[in-house]
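Summary of the model geometry
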Amino acid sequence: MSVGIGQGMIGMERMGQVLTLGVGTEIMYSFIIILCSLMIYFGTKELYELSSYKGLKYFRQAFLFFAIAYFFRSLIKFILIYSNLREIFEFSPKFFGMMAGPITLFIFMYFSSMAIFYILYSANYKSMKERKYNLYFFHTISFIIALFTVVFRNPFVYLGINVLLLLITVFTIYISSKEKKGKHSLYKIYLLLSLFWVLNIIDILIPGFFDIGQILIYLISSGIFFTILYKVLKKVGSK
Amino acid sequence: MSKRGRLEITHDILKIIQKNKNHIKPTPLLRKSNVSVSRFKEYLNELLEKGFVNKSLEKGKIFIVLTEKGFGFLKKYSTILDFIDEFGI
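Residues numbered from 1 in each chain as written. Chains lettered and ligands numbered in written order. Predicted model: local features only at pLDDT ≥ 70, side-chain atom pairs only at ≥ 80, totals over all residues.

1. Topic: the overall build of chain A
The cut-off we apply is this: Runs of H or I in DSSP of at least four residues are treated as helices and runs of E of at least two as strands, each being numbered from the N terminus. With C-beta atoms placed from the backbone, a residue is labelled by how many other C-beta atoms lie within 10 Å of its own: buried for 20 or more, exposed for 12 or fewer, partly exposed between the two. Each residue is represented by a C-beta atom placed from its backbone, and any two residues with such atoms within 7 Å are regarded as in contact.
A count of helical and extended segments in chain A gives nine helices and zero strands. Out of the 239 residues in chain A, the part that is buried amounts to 33%. Long-range contacts, defined here as pairs at least 24 residues apart, represent 71% of the contacts in chain A between residues at least 6 apart.

2. Here's the deal with the overall build of chain B
Formally: For the radius of gyration, the atoms used are the C-alpha atoms, and the globule rule reads 2.2 Å times the number of residues raised to 0.38.
Looking only at helices and strands, one finds four helices and two strands in chain B. Sequence-ordered secondary structure for chain B, helices as α and strands as β, is α-α-α-β-β-α. In terms of overall size, chain B behaves like a compact globule, its C-alpha atoms giving a radius of gyration of 14 Å where 89 residues would be expected to give roughly 12 Å. With the principal axes as the frame, chain B shows a C-alpha extent of 50 × 25 × 20 Å. The buried share of chain B, reckoned over its 89 residues, is 22%. Partitioning the intrachain contacts of chain B with sequence separation of at least 6 by distance along the chain shows that 51% fall at a separation of at least 24.

3. What to know about unusual backbone geometry
Peptide bonds are, in most cases, trans, and in most cases residues other than glycine have a negative phi. At A:Ser52, a residue that is not glycine, the phi angle is positive and equals roughly 50 degrees. Examined against the element boundaries, A:Ser52 turns out to sit in the loop between helix H3 (45–51) and helix H4 (54–82). Residue A:Ser52 is classed as partly exposed on the basis of its 13 C-beta neighbours within 10 Å. Positive phi, normally seen in glycine, also occurs at B:Lys21, with a value near 55 degrees.

4. Let's talk about the interface of chain A and chain B
One frequently used descriptor of interface size is the decrease in accessible area upon assembly of the parts. Under the convention used in this document: Charged residues are taken to be Asp, Glu, Lys and Arg, nonpolar residues to be Ala, Val, Leu, Ile, Met, Phe, Trp, Tyr, Cys and Pro, and polar residues to be all remaining types, Gly included.
Across the contact, 18 residues belong to chain A and 14 residues belong to chain B. Residue assignment for the side of chain A that touches chain B shows that the elements contributing at least two residues are H3, H4, helix H5 (100–124), helix H8 (186–205) and helix H9 (214–236) of chain A. Of the residues in the side of chain A that touches chain B, the class split is nine nonpolar, five polar and four charged.

5. Examining the confidence of the model for chain B
As a reminder, the rule being used: For every residue, the predictor assigns a confidence score, pLDDT, that lies between 0 and 100.
Averaged over every residue, the pLDDT of chain B is 91; residues scoring 70 or more account for 97%. Scored by ipTM, the complex comes to 0.85, with pTM at 0.84.

6. Some words on H8(A)
This is how it is decided: Any helix carries an expected span of 1.5 Å times its number of residues minus one.
Under the 1.5 Å per step criterion, the end-to-end length of H8(A) is 28 Å for 20 residues, consistent within 8% with the ideal 28 Å. Buried within H8(A) we find A:Tyr190, A:Leu193, A:Ser194, A:Phe196, A:Trp197, A:Val198, A:Leu199, A:Asn200, A:Ile201, A:Asp203, A:Ile204 and A:Leu205.

7. A short note on the packing of H5(A) against H8(A)
Residues and elements named next belong to chain A. Short version of the rule: To obtain each axis, a line is fitted to C-alpha atoms, and for helices this fit is confined to the stretch in contact; angles are then taken between N-to-C directions over 0 to 180 degrees. If an angle is under 35 degrees, it is roughly parallel; if it is over 145, roughly antiparallel; if it lies from 65 to 115, roughly perpendicular; otherwise it is oblique.
It is the contact of H5 with H8, at a shortest axis distance of 11 Å, that shows an interaxial angle of 170 degrees. Taken together, the axis directions place H5 and H8 in an arrangement best described as roughly antiparallel. In this structure, H5 uses Ser-112, Ile-116 and Ile-119 to contact H8, whose residues at the interface are Tyr-190, Leu-193, Ser-194, Trp-197 and Ile-201. Considering only residue class, the contact of H5 with H8 consists of six nonpolar, two polar and no charged.

8. A word on the pairing of strand S2 (residues 61–66) of chain B
All names here are of chain B. Keep this limit in mind: We call two strands paired when DSSP finds no fewer than two bridges between them.
By the bridge criterion, six bridges tie strand S1 (residues 53–58) to S2 in an arrangement that is antiparallel. Residue pairing across strands places Asn-54 opposite Val-65, the latter belonging to S2. Connecting S1 to the next strand, S2, in antiparallel fashion are two residues, including Lys-59 with a positive phi near 50 degrees.

9. Focus: the packing of H9(A) against helix H4 (residues 68–87) of chain B
For clarity, the threshold we go by: Whether a crossing is left-handed or right-handed is set by the direction in which the near helix is turned from the far one by less than a right angle, anticlockwise for left-handed and clockwise for right-handed.
Following both chains from N to C, one finds H9(A) and H4(B) inclined at 155 degrees, their axes separated by 9 Å at the closest point. With respect to H4(B), the element H9(A) is oriented roughly antiparallel. Seen along the crossing, H9(A) lies across H4(B) with a hand that is right-handed. Where H9(A) approaches H4(B), its residues A:Lys231, A:Lys235 and A:Val236 are matched on the opposing element by B:Thr79, B:Asp82, B:Phe83 and B:Glu86. Residues belonging to the contact of H9(A) with H4(B) are distributed by class as follows: two nonpolar, one polar and four charged.

In structure tokens:
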């Protein structure tokens, strides 16, 4: 009986070792996402330069912002792993002092919110009025989200903000797909992209929230970025 | 008939120039483009600024000709449309 329990515990421990994400996994994950985002951004450069099409501009901006946000996300992860910290707020190196952690988190939250807004705006900018001010509005909202994240160091506030962001995203994508009569299969991908992006944010903000489910989030997120990159390259290189 | 978008009008103007053996005067181009005079001027200036077309002077007359970039746009036009359609942007 005790042998059985012992074996079970060893099995659990091994499983834990496999699923515990170290620096190597973080590097690989960040590299995949940043590379995919930059390939999408630079791969569509020629099409945008030729067409000056606004939807294409916002679409590209979204992936540039994803790349920047993921860079800061991986920076936060490395700081947490190397400094053996649980929260980024605990980080206070000699040269930068106590503000280093909050500033890194602020930049990450600002760019990640803007990336989601850009994706939504690229699909909906035509139906929105007063286009000139929409982007200022999104920048302001992203700034406020980032500020709230840094000021209110509370997991419930983080969850609230991200659930709200996700609901706005789902609603916007639903309206957009309805307007275009569900013609674009990519709306499902956008939806998944937003969902897993929010999960990535929660993963950074609330330590240990997903525990062993983290690797699954990394795998699915990478899959989503690969799918979009594949579709982009297929279209760009098709003719 | 649906209203032509900016991209479509740009394509139509460049296509007219190409069909005319890459050599057309501004007035016939305006007529064939099917846009108002003010809009045509706006489009032509934009095409000149972007380097899609050039003005060439032959025997004292101005002709509009396509540049490499203009030909590039025509070549990539269907790819651009496909992309916009695929990503719902």
